[in-house]
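Below, each chain spelled out in residue letters.
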Amino acid sequence: MANLHLAASQLHATKPCEFNDPSARQHSVFDNPPKPVDGFFHLPDEPGLGLRVNEAELAKRRVTIV
């Protein structure tokens, strides 16, 4: 998401260089994952990077380190 914000601020940066396609594994932990709509990313205007973490989904993926 930080890369999308950076690319949006650059005049000639038209393609995010680190976007990997939507993934059920990655996108399920966010309530508003970054996805292109009609070929464009519409960045959220919420605080920080704008992502809302789905805590329940994230908890399912936690691994206890011993």
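No experiment lies behind these values; they were computed from the predicted model shown. (Residues numbered from 1 in each chain as written. Predicted model: local features only at pLDDT ≥ 70, side-chain atom pairs only at ≥ 80, totals over all residues. Heavy atoms only, no water.)

### With respect to the overall build of the chain
Counting its regular elements, the chain contains three helices and zero strands. Scanning the chain from its N terminus toward the C terminus, one meets helices and strands in the order α-α-α. Scored against the burial criterion, the 66 residues of the chain give a buried share of 18%. Of the contacts made within the chain by residues no fewer than 6 positions apart, 45% connect residues no fewer than 24 positions apart. Carbon together with sulfur atoms contributes 57% to the accessible area of the chain, which is approximately 5,400 Å² in total. (Helix = DSSP H or I, 4+ residues; strand = E, 2+ residues; numbered from the N terminus. Buried < 20%, exposed > 50% of the residue type's maximum accessible area, 1.4 Å probe, protein only. Contact = heavy atoms within 4.5 Å. Areas by Shrake-Rupley, 256 points an atom, 1.4 Å probe, with all protein chains shown as cover.)

### With respect to the confidence of the model for the chain
Within the chain, residue pLDDT values average 78, and 71% of them lie at 70 or more. Per-residue pLDDT, averaged within each element of the chain, yields its smallest value for helix 1 (residues 2–9) (69) and its largest for helix 3 (residues 55–60) (92). (pLDDT = per-residue confidence, 0-100.)

### Notes on the pattern of salt bridges
Under the criterion given, the structure shown has four salt bridges. Between Glu55 and Arg62 there is a salt bridge, with the nearest N and O atoms lying 3.8 Å from each other. The exposure class of Glu55 is partly exposed, given its relative accessible area of 48%. For Arg62, a relative accessible area of 53% gives the class exposed. Across the pair Glu57 and Lys60 runs a salt bridge, and its minimum N-O distance is 2.9 Å. Taken together, the positions of Glu57 and Lys60, both in helix 3 and three residues apart, correspond to about one turn of that helix. Overlapping salt bridges bring together Glu57, Lys60 and Arg61 as one network. (Salt bridge = Lys/Arg side-chain N within 4 Å of Asp/Glu carboxyl O.)

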